[in-house]
Amino acid sequence: MSNLELNVAKTGQQTCTINGIRLHSAYDPIKEAQRFVSSLDIPFTPSLIVITEPALSYCSTFLRQSYPQAILVAIRFTHDFDAYNHLWDKVVYHQELIQLLQSYGEDMILATAFFSWQPSQQVFPQEYNHCWQQIRTLVQTSRDILGTRAYFGKRWLKNTLSFCTRLQNTSTIKSGSAPVLLVASGPSLKSSIHFIQKYREAVFIIALSSALSPLLAVGIEPDLCISTDGGYWAKKHIAPCPVPLALPAEAALPAALFEKNIIPLTYADGPEAELLNICKIPRMPAFRNGTVSGTALELALSITTGPVFACGLDLASTIGFQHCQPNCLETAAETKDCRLAPKETRLYPPQLPSQSLQIYAQWFASQSNRFKDRFYRLSDSSYQFSNKLGTIKDIHWEDFSSMLKKLQLQAKNKKLIHPEILCQTVPPQKQRYEILLKTLETYQVQKLPDHWISTLLPAEQALLARSLEKTELEEKITEKSAQYMKEMIHYLQSMGENKLNAI
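Let us look at the structure shown here. In this text the structure is predicted, and so the values were computed from the model without any measurement.

**Some words on the overall build of the protein chain**
Moving on, step 1. Tallying secondary structure elements over the protein chain gives 18 helices and 18 strands in all.
Moving on, step 2. With the principal axes as the frame, the protein chain shows a C-alpha extent of 80 × 60 × 60 Å.
Moving on, step 3. Split into buried and exposed, the 503 residues of the protein chain put 53% on the buried side.
Moving on, step 4. Put simply, 64% of the contacts in the protein chain that link residues at least 6 apart link residues at least 24 apart.
Moving on, step 5. Roughly 23900 Å² of accessible area belongs to the protein chain as shown, and the carbon and sulfur atoms make up 52% of that amount.
Moving on, step 6. The protein chain carries 49 positive and 45 negative side-chain charges, and their two centres are separated by 4 Å.

Here it is as structure tokens:
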């Protein structure tokens, strides 16, 4: 436990020590902070400036003077200096650095300057080392996400154009009061299947796309399936989907499902939001998340006043299969197993600790105080999760039964109302096609908005944000944007007005 002592410096300002080590000058802490800021070497225009444990935070004033456009963030190693948090635009604690990615996104993280208030390194060596390991992970994760966006940007836009053009039947969800059950495909789902069958009529079931096959295999049809992945492999999970399907326009959708019952979701960012809007396609708000389970949870909380439960939400590597079987991708992969490339060799790498799963689990943990009283993680009493999701409670199906009875009593013997899926209409396909074509042709000759560039050219946009000399990069972005619009126009026209209903 730290032993904080506040003192008065020679110049009259407050200074302090912890465990006998000075965190600020005993003579002039203001001058010390000014020298610290003037010594910073930032060869780009930073979106954020992050200082690890700045203690009494004298440096914030000079940072704001020198970098007025930057968001100032303090990473705390201790709560001893919480009284000075108001001097920063945002304060996070070193155990919760994932909040920076969630709050500002990978673009801003990659345009961030990170520095340490050096005296804190001596006072909090363990916290300092942990913090900077997390910072390295945060930056690497942001790079990975940016790489994914750069790779899939055109595919997401093509998916959106196809979605907005070929969609035939749309629906929305009317909120209710009954419990909602999210079904993920983690290994723990297997032990919960018979409980889902038992309580089927009492809950509104939302199946994550990879959990659809295990449910259908035992005769359980969920009320809704949700998919958010834009990759072609996502189509395998939802190809047999016999129930209403919720997904954003940028997600991958098999051609045969365009005539099915679709609930469009919108993240309200990027081209998909704009194109859904100009095509006048009804949609429901959704929250972009690295994992479909996070997006599904936010949707579930918005369609009921009751509690939300999740089963199969392991979010941790385990021995053997990483998903409840049957799994469409596993079924396809096992056809290639042979003596020289056996199943055991294929299954081993996913059993190792996964950075992606850790990030997903950290998201739930960081948000847990926001929905801890409405969201619960379910498992059979014989199954114990290997991780915790912050303050979210892990309960067993016996607890669920007791909570359900209590809810029914509180409803005064009235039937709990399930969320209801209601049909909506969309403008004619020909009208949507013409609007999309006109929009693309306009953007081919005009500068693309930033939210389009962020989707199609995220790497170039990130580089532009860090660059001091922008002219050459801006010209390159303009040239590439025009070429992309040309490709998108060709793609849209390749569908053709006479092929809009083709499968």
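On we go from here.
**A look at the sheet that holds strand β7 (residues 112-116)**
Moving on, step 1. In space, the four strands of this open sheet follow the order β6-β5-β4-β7, with parallel pairing throughout. At either end of the open sheet lies a strand with only one pairing partner, and these are β6 (90-93) and β7. Here the average twist between neighbouring strands, direction ignored, is 20 degrees.
Moving on, step 2. Strand direction decides the pairing type here: strand β4 (residues 48-52) and β7, joined by five bridges, are parallel. Of the residues in β7, the one forming a bridge with threonine 52 is serine 116.
Moving on, step 3. On top of the sheet, helix α5 (residues 125-166) reaches β4, β5 (71-76) and β7; it is set at about 170 degrees to β7, its chief contact.

**Thoughts on the sheet that holds strand β3 (residues 21-22)**
Pairing between sheet strands relies on hydrogen bonds along the backbone, with the strands arranged either parallel or antiparallel.
Moving on, step 1. In spatial order, the strands read β1-β2-β3; together these three strands make up an open sheet with antiparallel pairing. Edge strands, defined here as strands with exactly one partner in the open sheet, are β1 (4-8) and β3.
Moving on, step 2. Alignment of β1 against strand β2 (residues 14-18), held across five bridges, turns out to be antiparallel. Across the sheet, glutamate 5 pairs through a bridge with threonine 17, a residue of β2.

**Here's the deal with the nonpolar core**
Considering soluble globular proteins, one finds that nonpolar side chains tend to be buried as a cluster.
Moving on, step 1. Formed by 54 residues in total, the largest nonpolar core has its most connected members in Ile49 and Leu63.
Moving on, step 2. Every residue in contact with isoleucine 49, bar those within four places of it in the chain, is listed here: Ile42, Leu63, Tyr67, Ala70, Ile71, Leu72, Val73, Ala113 and Phe115.

**Some details on the packing of aromatic side chains**
Moving on, step 1. Within the structure shown, the criterion is met by 17 aromatic pairs.
Moving on, step 2. Judged by centre distance (5.1 Å) and plane angle (70 degrees), the ring pair of tryptophan 397 and phenylalanine 400 falls under edge-to-face. Here tryptophan 397 pairs with phenylalanine 400, and both are found in helix α14 (residues 397-410), just three residues apart, close to one helical turn.
Moving on, step 3. Taking relative accessible area as the criterion, tryptophan 397 reaches 2% and is therefore assigned buried.
Moving on, step 4. Since its relative accessible area comes to 2%, phenylalanine 400 is described here as buried.
Moving on, step 5. Residue placement shows arginine 377 over the ring face of phenylalanine 385; its charged tip is 3.7 Å from the ring centre.

**Focus: the packing of helix α9 (residues 270-278) against helix α15 (residues 429-445)**
Describing two packed helices takes the angle between their axes plus the distance from one axis to the other.
Moving on, step 1. Contact geometry for α9 and α15: axes closest at 10 Å, N-to-C directions at 135 degrees. The orientation of α9 relative to α15 falls into the category oblique. In this structure, α9 meets α15 at a crossing whose hand is right-handed. Here α9 contributes Glu274, Leu275 and Ile278 to the contact with α15, which in turn contributes Ile435, Leu436, Thr439 and Tyr443.

**A look at the environment of alanine 83**
Moving on, step 1. In this fold, alanine 83 is placed in the loop between β5 and β6.
Moving on, step 2. Residue alanine 83 is classed as exposed on the basis of its relative accessible area, which comes to 59%.
Moving on, step 3. Once the C-alpha coordinates of alanine 83 and lysine 174 are considered, the two residues, 91 residues apart in sequence, prove to be 45 Å apart.

Scoring rules and cut-offs
Residues numbered from 1 in each chain as written. Predicted model: local features only at pLDDT ≥ 70, side-chain atom pairs only at ≥ 80, totals over all residues. Heavy atoms only, no water. Helix = DSSP H or I, 4+ residues; strand = E, 2+ residues; numbered from the N terminus. Buried < 20%, exposed > 50% of the residue type's maximum accessible area, 1.4 Å probe, protein only. Contact = heavy atoms within 4.5 Å. Areas by Shrake-Rupley, 256 points an atom, 1.4 Å probe, with all protein chains shown as cover. Lys, Arg positive; Asp, Glu negative; His and termini not counted. Charge placed at Lys NZ, Arg CZ, Asp CG, Glu CD. Pairing = 2+ DSSP bridges. Axes fitted to C-alpha atoms, helices over the stretch in contact; angles between N-to-C directions. Core = buried A, V, L, I, M, F, W, Y, C linked by side-chain atoms within 4.5 Å. Phe/Tyr/Trp six-rings, centres within 6.5 Å; stacked < 30°, edge-to-face > 60°. Lys NZ or Arg CZ within 6 Å of the ring centre and 35° of its normal. Parallel < 35°, antiparallel > 145°, perpendicular 65-115°, else oblique. Left-handed = near helix turned anticlockwise from the far one by under 90°.

Just geometry here; none of it tells us what the structure is for.
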